[in-house]
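Chain and residue survey
Here is what each chain is made of, one letter per residue.
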Amino acid sequence: MSKTILIVGGGLAGTIVANGMCRQLNSELRNGSVNITMLGTTETHMYQPGLLYVPFGRIREAELYRDQRRVLDRRVNFFVDPAKHIDVEKNQVTTEKGRTFKYDYLVLATGSRIMPQNIPGMAEAGHWFYDIEGARKLRTALNNFEGGKIIVNVNAPHKCPVAPLEVTFMLNEFFKGKGMSDKVEITYTYPIGRLHALEPVAHWSKPEFDKQGIKYETFFNTESVNPEKKTIRSMEGVELPFDLLITIPPHMGQQVIIDSDLGKGGWVPTNTKTLHREGSTNVFVVGDTTNIPISKAGSTAHFEADVLIDNLVSLVTEGAWAREYDGKVFCFVETGLGTGTYVWFDYKTPPNPGPPSQMIHWFKLAYNRLYWLSARGLL
Ligand SMILES: Cc1cc2nc3c(=O)[nH]c(=O)nc-3n(C[C@H](O)[C@H](O)[C@H](O)COP(=O)(O)OP(=O)(O)OC[C@H]3O[C@@H](n4cnc5c(N)ncnc54)[C@H](O)[C@@H]3O)c2cc1C
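Described in the following lines is the structure provided in the data block. (Residues numbered from 1 in each chain as written. Predicted model: local features only at pLDDT ≥ 70, side-chain atom pairs only at ≥ 80, totals over all residues. Heavy atoms only, no water.)

Things to note about the overall build of the protein
Operational definition: To qualify as a helix, a DSSP run of H or I must reach at least 4 residues; to qualify as a strand, a run of E must reach at least 2; elements of each kind are numbered from the N terminus. Each radius of gyration is computed over the set of C-alpha atoms, and the globule rule expresses the reference value as 2.2 Å times the number of residues to the power 0.38. Pairs of residues are marked as contacts when any of their non-hydrogen atoms sit within 4.5 Å. Here the open area of atoms and residues is found with the Shrake-Rupley method and a 1.4 Å probe, where only the protein chains shown may cover a residue. When charges are counted, neither His nor the chain ends are considered; positive counts come from Lys and Arg and negative counts from Asp and Glu. Throughout, a charge is located at the NZ atom of Lys, the CZ atom of Arg, the CG atom of Asp or the CD atom of Glu.
Along its length, the protein carries ten helices and 21 strands. At 21 Å, the protein has a C-alpha radius of gyration in line with the 21 Å of a compact globule built from 379 residues. Seen through its C-alpha atoms, the protein measures out along the principal axes to roughly 70 × 40 × 40 Å. Here the contacts in the protein between residues at least 6 apart in sequence split such that 63% fall between residues at least 24 apart. Working note: accessible area of the protein is about 16600 Å², and carbon and sulfur atoms make up 51% of it. Here the protein contributes 41 positively and 40 negatively charged side chains, and the mean placements of these two sets differ by 4 Å.

Observations concerning the site of the ligand
Inclusion rule: We call a residue near a molecule or strand as soon as one heavy atom of that residue lies within 4 Å of the molecule or strand. Counting of polar contacts relies on pairs of N or O atoms within 3.5 Å, with two restrictions inside protein: one atom must be capable of donating a hydrogen and the other of accepting it, and residues adjacent in sequence are counted only when both atoms are side-chain atoms. Delimitation of the domains relies on an automatic or database domain assignment.
Of all residues adjacent to the ligand, which total 31 residues, the nearest are Ala 13, Thr 41, Asp 288, Gly 298 and Ser 299. Take Gly 11: an N or O atom from its main chain is 3.5 Å from an oxygen atom of the ligand. At 3.1 Å from an oxygen atom of the ligand is found a side-chain nitrogen or oxygen belonging to Lys 364. About the coverage of the ligand: the protein hides 90% of its 1000 Å² of free accessible area. At the level of secondary structure, the elements contributing two or more residues to the shell around the ligand comprise helix H1 (12-24), strand S2 (34-40) and helix H9 (298-318). The leading source of residues in the shell around the ligand is H9, at three residues. Counting residues domain by domain, the shell around the ligand receives three or more from each of domain 1 (3-111 + 254-327) and domain 2 (115-250).

Section: the pattern of salt bridges
For clarity, the cut-off: Just to be clear on terms, a salt bridge is a Lys or Arg side-chain nitrogen sitting within 4 Å of an Asp or Glu carboxyl oxygen. Residue burial is assigned from relative accessible area. The probe radius is 1.4 Å, only protein chains are included, and a residue is buried under 20% of its type maximum, exposed over 50%, and partly exposed in between.
A full pass over the atoms with the stated rule returns 15 salt bridges. Note that Glu 208 and Lys 211 form a salt bridge whose closest N and O atoms lie 3.6 Å from each other. On the criterion of helical spacing, the pair formed by Glu 208 and Lys 211 is a turn pair, its members being three residues apart in helix H7 (residues 199-212). Among the residues examined, Lys 211 registers a relative accessible area of 63% and is labelled exposed. Residue Arg 233 is joined to Glu 223 by a salt bridge in which the shortest nitrogen-to-oxygen separation is 3.7 Å. Here Arg 233 is found in strand S15 (residues 231-234), whereas its partner Glu 223 is found in strand S14 (residues 222-226), with ten residues between them in sequence.

A short note on the packing of helix H6 (residues 163-177) against H7
As a reminder of what qualifies: Angles run from 0 to 180 degrees between N-to-C directions of axes, and those axes are lines fitted to C-alpha atoms, restricted for helices to the stretch in contact. An angle below 35 degrees is read as roughly parallel, one above 145 as roughly antiparallel, one from 65 to 115 as roughly perpendicular, and any other as oblique. Note on convention: the crossing is left-handed when the near helix lies turned anticlockwise from the far helix by less than a right angle, right-handed when the turn is clockwise.
Between H6 and H7, the least distance of the axes is 12 Å, while the angle of their chain directions is 15°. On the basis of the axis angle, H6 is roughly parallel to H7. In the packing of H6 onto H7, the handedness of the crossing is left-handed. When H6 is examined against H7, the residues Leu 165, Thr 168, Phe 169 and Asn 172 are found in contact with a partner set consisting of Val 201, Trp 204, Ser 205, Glu 208, Phe 209 and Gln 212.

So, H9
Filter applied, for reference: The length a helix should cover is 1.5 Å for every residue beyond the first.
Given a rise of 1.5 Å per residue, 21 residues ought to cover 30 Å, and the 29 Å separating the end C-alpha atoms of H9 matches this to within 8%. H9 sits mainly inside the fold: 15 of its 21 residues count as buried. Of the residues flanking the end of H9, it is Gly 319, one or two places downstream, whose phi is positive at about 65°.

As structure tokens, then:
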């Protein structure tokens, strides 16, 4: 009997898992003892980290997209047909188009989504770069900006833990380059009592902000935005005026996770090491969809995917377990338009950002192009 591995979600994690398994299961795919099926929402695959560069005109939009069928190993059965209901008792997923897919192993890789609409006034008055429409709109706003107060407003939870810091540093340099430093005041707001959830990153970024004259307001949990008055208000009672609001909106998991009763807010309770959905032995969770209390990042998704590939291949071919996820995350951090640093950490080792350099910035730019090899499982 053929074993079916069903992957729901064809973003970063789902694609790496699918391609990685194909590379290791050559003979099983050839003799038909295994089949790999993926359900996705679109024909295109987007490289989301590239969105950071769109507002600054530093990447062409076409570089962000590839045809998903070309990114995927041709042996993956790919359906553009979003999952509508996931039934982990019956081992089946039903889709928007009315199909039913049975599985032996299920991989949940549906990612996360931004929810500006969850904060009154934010969708009307805010700019963001977490989707292509927002990034385009922000590009126009930056090009037309004549000076005034910019607020970079961070809400939790959100994916890419360092993107808010990166955009703040990049904005500062962008306006410096235009000779507008004396006309622009940037204030960064953060929900807890320091500049970043990761303590060493908070300690590193504070003197960098001070040096560059970037203001900050911590313990700022956004309550509402007033589009007419152009003010943003926190639950702590602080009100800040702005001329341009750039927000990292709060995120949620996908509706199908909520509707299938698999996790509050769309986050699936997940074993931190085995990546099993809590309570299941044949359902795995990977990427932003987990409720694991570490950064929601592409690198997290990639390291988790590598572990999952080894475990699924080992389970299917040898009936045994291979290895556990150690919480590894690696993120490049842009510290301007021409310099960068990086952080890496795991469950046991805290991050330790080093001094910024041009070389690390170039590495990040190179990785932006190499991503397509990494998604194919070649890197
Ligand atoms: C602006 C920005 C900058 C970033 N920068 C970095 C960075 O520098 N470094 C880094 O490591 N990470 C970065 N990230 C984060 C990174 O892109 C995500 O963490 C990563 O994409 C998560 O992978 P995923 O597979 O879990 O989710 P995704 O890549 O979002 O994939 C989820 C997929 O599931 C699909 N899906 C949703 N619902 C359904 C359904 N019902 N049925 C079927 N499919 C469904 C979606 O269409 C999507 O294709 C950045 C993100 C953004 C937005």
